[in-house]
Amino acid sequence: MAQKGVQLDQETFSCSICLDLLKDPVTIPCGHSYCMNCINSFWDEEDGKKLYSCPQCRQTFTPRPVLVKNTMLAVLVEELKKTGLQAAPADHCYAGPEDVACDVCTGRKLKALKSCRQCLVSYCEKHLQPHYDVVQLTKHKLVEPSKKLQENICSRHDEVMKMFCRTDQQCICYLCSVDQHKGHDTVSAAAERTERQRELEGSRQKLQQRIQDREKEVKLLQQEVEAINHSAGKTVEHSEKIFTQLIGLIDKRRSDVKQQIRSQQETEVSRVKELQEKLEQEITELKRKDAELEQLSHTEDHNQFLNDYFSLTCLNESKDFSMILIYPITLHHFDVVTEAVSELRDKLQDILNAEWTNVVIAISKVDVLLSQEPKTRDELFKFSSKITLDPNTANTYLSLSEEYRKVTFMTTEQWYFYHPDRFNVRHQVLSRESLTGRCYWEVEKDVGGVSVVVSYKDSDTANETFGNSDKSWVLNFYKYRYEFRHNNITSHLSGPQSSRVGVYLNHRAGVLSFYSVSETMTLLHRVQTTFTQPLYAGLRLYGPPGNTAQLCEL
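In this text the structure is predicted, and so the values were computed from the model without any measurement. (Residues numbered from 1 in each chain as written. Predicted model: local features only at pLDDT ≥ 70, side-chain atom pairs only at ≥ 80, totals over all residues. Heavy atoms only, no water.)

**Re the overall build of the protein chain**
If you tally the helices and strands in the protein chain, you get 12 helices and 23 strands. Counting only residues that meet the buried cut, the protein chain has 29% of its 554 residues in that class. In the structure as shown, the protein chain presents an accessible area of about 36600 Å², 53% of it carried by carbon and sulfur atoms. (Helix = DSSP H or I, 4+ residues; strand = E, 2+ residues; numbered from the N terminus. Buried < 20%, exposed > 50% of the residue type's maximum accessible area, 1.4 Å probe, protein only. Areas by Shrake-Rupley, 256 points an atom, 1.4 Å probe, with all protein chains shown as cover.)

Structure representation (structure tokens):
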């Protein structure tokens, strides 16, 4: 019982703005008490309104009340501290930049315990309690704290989006269904979720089967890796023994030469440092003399200036160090050593080079499965990847369909949620999936021009035109010609005209190839580089309106 009383006192004597114990407590006309600094800061923000309110009961005052320290409250707080009053909530209870904050707390906010889907508000433990106690609130749907509650609100009608438009593939509110989505195929969001959930299970089964297949392939490749490692290890071991024997023949002489050079080095460095110290001492003295002359130049008393001038301008005789620059110290000794060692090296190189070619040829004959690149379309199909387009990156004049594999250039802006990755300047879109390892996909175009893109995805690419930097590689794909563009450099390509282009990527090997695909398959361009980040497939559409491009089902 005593502990419960202490807890009650803690809440009673805490400031509702900073949630800490009262410091310099003041009581405002409505009867509520605050820290003097807290209420002053709160009212400073309301100065422009000329109307001052209580943060708790919202009663307003005009003019701004004069604050006087409540000495009785101050004494009580101090006494309660001495009797074991606990401090305000620990720092880990407060919301940090990465946490979801309670929307009800004033001042320093506590971490939210739950978010309410009906209220669209996040609550800390204290402010969440009514959702457990009030009958009407107990029916609300509580979820884990989320910063994205407002994404469930329709920006046009300010209503909760509880419906889904299958025609436009987006969440909408009830008013949208009778307004701009009138006549569309609309269902409740819950019904669409149920439908997609069933599809998700089917997709997961296919995915799990594919995982099992790939795991078997990984085991086979792992066995190949172990065999390669074993063979390479034995060869390295034998080669090391042979080279160790060769190195041992000259190691003693190498050590002797090194020791003698270091000994001579220490002697010469010691001489140089001695001269260096003398030079630095003279520089320090000259700088001091310069500072005195600088001070003298500002002296207004003529007599003092003349009295000090002759003594200060008299410089001590400087030693002549010019010989250091004219005759570099002892470098010729080391030149002789280098010449002798180089002569020995040249003789050894002549012997090694005569037999080294045979060693290189033997190594180059080693070949494994991983080094073999596909040469036919059937071989490329082994690396085919199902790629979908990301609506969060699509320009607002692009419409996505066919399960996000087809894109159409529209005459009017399409409705999308705001997203920082969206392309605002060009009619571009990137894939949802990142591309690593080896991948192959094909793009079918309509009558207009299309850019087939492979690109990094970061904060700089949202407003970037594909091909204008070193972050993207682009094949421009027109009716009568092809172009390759990278880092703002365009190269014209030749090849058979087709409505379909194939793209092969080997991320680890740094290989990117573009093909013209028809009855035959022709390589248009090949890139050999080093990829430093995951890559994404992309498309850019040109006119006329209605132009389309599609990621083909292989």
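So that's the structure; there's more coming.
**Comments concerning unusual backbone geometry**
The omega torsion across Thr62 and Pro63 is 0°, close enough to zero to call that bond cis. Tracing the chain through its elements places Pro63 in the loop between strand S4 (60-61) and helix H3 (71-82). Backbone geometry at Asn487 places phi at a positive 55°, although glycine is not the residue there. For Asn487, the location among the structural elements is in the loop between strand S17 (482-486) and strand S18 (489-493). The class for Asn487 is partly exposed, based on a relative accessible area of 40%. At Asn488, a position not held by glycine, the phi torsion is positive, near 70°. Position of Asn488 relative to the elements: it lies in the loop between S17 and S18.

**Let's talk about the sheet that holds strand S19 (residues 500-506)**
Ordered by their spatial adjacency, seven strands build an open sheet running S11-S12-S23-S14-S19-S20-S21, and the pairing between neighbours is antiparallel. With one partner strand each, in any of the chains shown, strand S11 (398-401) and strand S21 (521-528) form the two edges of the open sheet. With strand direction ignored, the average angle separating the axes of adjacent strands in the sheet is 20°. In the sheet, strand S20 (residues 511-517) pairs with S21 via seven bridges, with the strands oriented antiparallel. In the sheet register, Leu512 faces S21, and the bridge partner there is Val527. (Pairing = 2+ DSSP bridges. Axes fitted to C-alpha atoms, helices over the stretch in contact; angles between N-to-C directions.)

**Quick notes on the packing of aromatic side chains**
Counting across every chain of the model gives 12 aromatic pairs. An angle of 45° between the planes, with centres 6.2 Å apart, marks the rings of Phe381 and Tyr440 as tilted. Of the two residues, Phe381 sits in helix H12 (residues 377-381) while Tyr440 sits in strand S14 (residues 438-445), which places them 59 residues apart along the sequence. Taking 5.2 Å as the distance between ring centres and 85° as the angle between the ring planes, the aromatic pair formed by Trp473 and Phe531 counts as edge-to-face. You can see Trp473 sitting in strand S16 (residues 472-477) and its partner Phe531 sitting in the loop between S21 and strand S22 (535-541), a full 58 residues away along the chain. Taking the relative accessible area as the measure of exposure, Trp473 reaches 4% and is therefore buried. Cluster of aromatic residues (ring-pair linked, three or more members): Trp43, Tyr52 and Phe61. The lysine or arginine in question, Lys445, covers the ring of Phe477, its NZ or CZ lying 5.6 Å from the ring centre. Against the face of Tyr536 rests Lys457, its NZ or CZ located 5.2 Å from the ring centre. (Phe/Tyr/Trp six-rings, centres within 6.5 Å; stacked < 30°, edge-to-face > 60°. Lys NZ or Arg CZ within 6 Å of the ring centre and 35° of its normal.)

**Re the pattern of salt bridges**
In total, this model carries 22 salt bridges according to the counting rule given. In this structure, Glu192 and Arg196 form a salt bridge, with 2.6 Å as the shortest nitrogen-oxygen distance. With Glu192 and Arg196 both in helix H8 (residues 189-297) and four residues apart, the pair spans about one turn of that helix. Arg196 gets classed as partly exposed once you look at its relative accessible area, which sits at 36%. Of the charged contacts in the structure, one is a salt bridge between Asp251 and Arg254, with a shortest N-O distance of 2.5 Å. (Salt bridge = Lys/Arg side-chain N within 4 Å of Asp/Glu carboxyl O.)

**Some thoughts on the sheet that holds strand S10 (residues 186-188)**
Spatially, three strands are ordered S9-S8-S10 in an open sheet, and the strand pairing comes out antiparallel. Of all strands in the sheet, those bounded by a partner on one side alone are strand S9 (170-172) and S10. In this sheet, neighbouring strand axes are inclined to one another by 35° on average, regardless of whether the strands run parallel or antiparallel. Here strand S8 (residues 163-165) pairs with S9 via three bridges, running antiparallel. Each bridged residue has a counterpart across the sheet, and for Cys165 the counterpart in S9 is Gln170. Against the sheet, H8 contacts S8 and S10, and its axis sits at roughly 90° relative to S10. (Contact = heavy atoms within 4.5 Å.)

**Things to note about the confidence of the model for the protein chain**
Across the protein chain, pLDDT averages 83, with 90% of residues at or above 70. Within the model, pLDDT remains below 50 along residues 1-8, and this stretch shows three contacts once partners closer than five positions in the same chain are excluded. (pLDDT = per-residue confidence, 0-100.)

**Regarding the nonpolar core**
One finds Trp441, Leu512 and Leu539 to be the most contacted residues of the largest nonpolar core, which totals 37 residues. Dropping the residues within four chain positions of it, Leu539 is found in contact with Leu389, Val407, His427, Gln428, Val429, Val443, Val450, Ser451, Val452, Val453, Phe466 and Ala549. Core analysis: the second largest hydrophobic core is formed by 19 residues, Cys15, Tyr34, Cys35 and Ile39 among them. (Core = buried A, V, L, I, M, F, W, Y, C linked by side-chain atoms within 4.5 Å.)

**Some remarks on helix H2 (residues 36-44)**
Among all positions in H2, only Cys38, Ile39 and Trp43 are buried. In an axial view of H2, the angular spread of the buried residues amounts to 125°, which keeps them on one side of the axis. Turning to H2, the residues buried within the fold contact strand S1 (25-27), strand S2 (33-35), strand S3 (52-53) and S4. (Arc of directions from axis to C-beta.)

**Focus: the packing of H8 against helix H9 (residues 302-312)**
Remark: H8 packs on H9, axes separated minimally by 10 Å, with the N-to-C direction vectors making an angle of 160°. If you check the angle between H8 and H9, you find them roughly antiparallel. Pair H8 / H9 crosses with left-handed handedness. Taken together, the residues of H9 that come into contact with H8 (itself represented by Lys289, Glu292, Leu293, Leu296 and Ser297) are Gln304, Phe305, Asp308, Tyr309, Ser311 and Leu312. (Parallel < 35°, antiparallel > 145°, perpendicular 65-115°, else oblique. Left-handed = near helix turned anticlockwise from the far one by under 90°.)

**Side note on the environment of Glu379**
By the secondary structure assignment, Glu379 is in helix H12. Of the residues examined, Glu379 reaches a relative accessible area of 32% and is grouped as partly exposed. When residues no more than four places from it in sequence are discounted, the contact partners of Glu379 are Glu373 and Pro374.

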